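Listed here are the chains, written in short residue letters.
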Amino acid sequence: MYDVVLLTLGSERDAPGGCGSGGACCGGATGADTGQTDSSQANTSQTDSSQTDSSQADTDTGQCATERPRVPVLACADALNARGARVETVTARSDAEIDAVLARLDGPARPDGLTWPDPDSKTRLVVATASDGQLRAVLRRLVKRYAPAPSKRPADLPGNRTLPDLPPVAVLPLDPARGGTHRDLAAQLGLPRDPAAVAAAVLDGTPRRLDLLRNDGGSVTLDGALLGAADDAGRPLHWRARVEVDDTILSDGAEPLLACAVGNAGGYATLNDVTLLTAPDPADGQVEVAVAVPVVVRSAWGRKRVRLEVRRARGRAVSVLPREGKVPYLDDGVEGELTRKRSWWVEPGAWAVWSS
């Protein structure tokens, strides 16, 4: 039978974006350009959720809240125990504590000295998530753990990848509302939300492999990113950037943009009533990118009006180079500001979820 770790990220209960949102919780990060770092933010290590956490996050948000496991976590643990699984619940409040859990997924020592996941592991991981940003925080640490340095790239690594197949994770959503109108990644993927169904997927399901977006800021994207901002009245603000998808130039940086969507899945497919992405697919090995450009046109009567032109492209990689100032963005729901060139690229089938 399997050992199952139910991992929850300790956070301030109502912090926007969850773990990884600019220090909103331990294991999150700061930094204007990346929205996250890979350094540990807390000074103590505790996995017993009943203990008092005295760690101080390296941000102005104060101490991380002490939390007992939420009801869905306890229900999932009960369902797993009823099936004979050995279950441990862990609350991680720092990157180091996340890493300690992920180490249980390591495979045997390799002759080349690389740390590699065990494809036959009897340990299975369930990540209880209050947001896509929390799930991303765990995947970012998996990438950090298993991606080899370019100088140590092994011969058995696929040619279109920079990291091995990451161990599958089960997703236990903690926010039922995110399965409705404001759909989280679990809802988009059709993953179970009921704790008992999640337990069944962990023990009886199969891994469903999905694409992962890595970026040159050292992080990852599971769903997508939306670049742009609005004023206090909700009107979109103009900004400029050079946007390229493989060899296709969507914007040369000279014309104003209202928005740019980078889509692995469909979380940012629409903006208000505008369709940005038409068919984002997290398992097709490509990223879909769209820019919304205001274009001035003249009517037959000579009157000027502005229409919105959406340009789209698909490919393996995308880069966005801001031409002026800071460009606000959301990446898997986590806020950040882009001040220099950022590139994303697809790692086909790099991560996986347990699916029934």
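Quick note: structure is the one above.
1. As for the pattern of salt bridges
Enumeration according to the criterion identifies 21 salt bridges in this entry. In this structure, the salt-bridge partner of Arg314 is Asp284, at a minimum N-O distance of 2.1 Å. Here Asp284 lies in the loop between strand S12 (274-275) and strand S13 (287-298) and Arg314 lies in strand S14 (residues 304-315), a separation of 30 residues in the sequence. Exposure remark for Asp284: the relative accessible area of 30% places this residue in the partly exposed category. Its salt-bridge partner being Glu337, residue Lys326 comes within 3.8 Å of it at the nearest N-O pair.

2. Here's the deal with unusual backbone geometry
Note: most peptide bonds trans; most residues except glycine with negative phi. Within the chain, Asn272 stands out as a residue other than glycine whose phi angle is a positive 55°. Along the chain, the position of Asn272 falls in the loop between strand S11 (270-271) and S12. Relative accessible area serves as the criterion here: at 74%, Asn272 is assigned to the exposed category. Despite not being glycine, Asp332 shows a phi value in the positive range, around 55°. In this structure, Asp332 sits in the loop between strand S16 (327-331) and strand S17 (334-338).

3. A short note on helix H1 (residues 71-82)
In this model, H1 (twelve residues) spans 16 Å end to end at C-alpha, consistent with the 16 Å of a helix rising 1.5 Å per residue. Turning to H1, its buried residues are Val73, Cys76, Ala77, Ala79 and Leu80. Projected down its long axis, H1 shows its buried positions confined to an angular sector of 160°, all on one face. Opposite the buried face of H1, by more than 90 degrees, sit the exposed residues Val71, Asp78 and Ala82. Looking at the buried positions of H1, the neighbouring elements they touch are strand S1 (3-9), strand S2 (86-92), strand S3 (123-129), strand S4 (169-173) and helix H5 (195-204).

4. Structural notes on the pairing of strand S18 (residues 342-355)
Buried residues dominate S18, accounting for 13 of its 14 residues. Taken together, the nine bridges between strand S5 (residues 206-215) and S18 define a ladder with antiparallel strand orientation. Bridge pairing in S18 links Arg209 to Ala352.

About the thresholds
- Residues numbered from 1 in each chain as written.
- Predicted model: local features only at pLDDT ≥ 70, side-chain atom pairs only at ≥ 80, totals over all residues.
- Heavy atoms only, no water.
- Salt bridge = Lys/Arg side-chain N within 4 Å of Asp/Glu carboxyl O.
- Helix = DSSP H or I, 4+ residues; strand = E, 2+ residues; numbered from the N terminus.
- Buried < 20%, exposed > 50% of the residue type's maximum accessible area, 1.4 Å probe, protein only.
- Expected span 1.5 Å × (residues − 1).
- Arc of directions from axis to C-beta.
- Contact = heavy atoms within 4.5 Å.
- Pairing = 2+ DSSP bridges.

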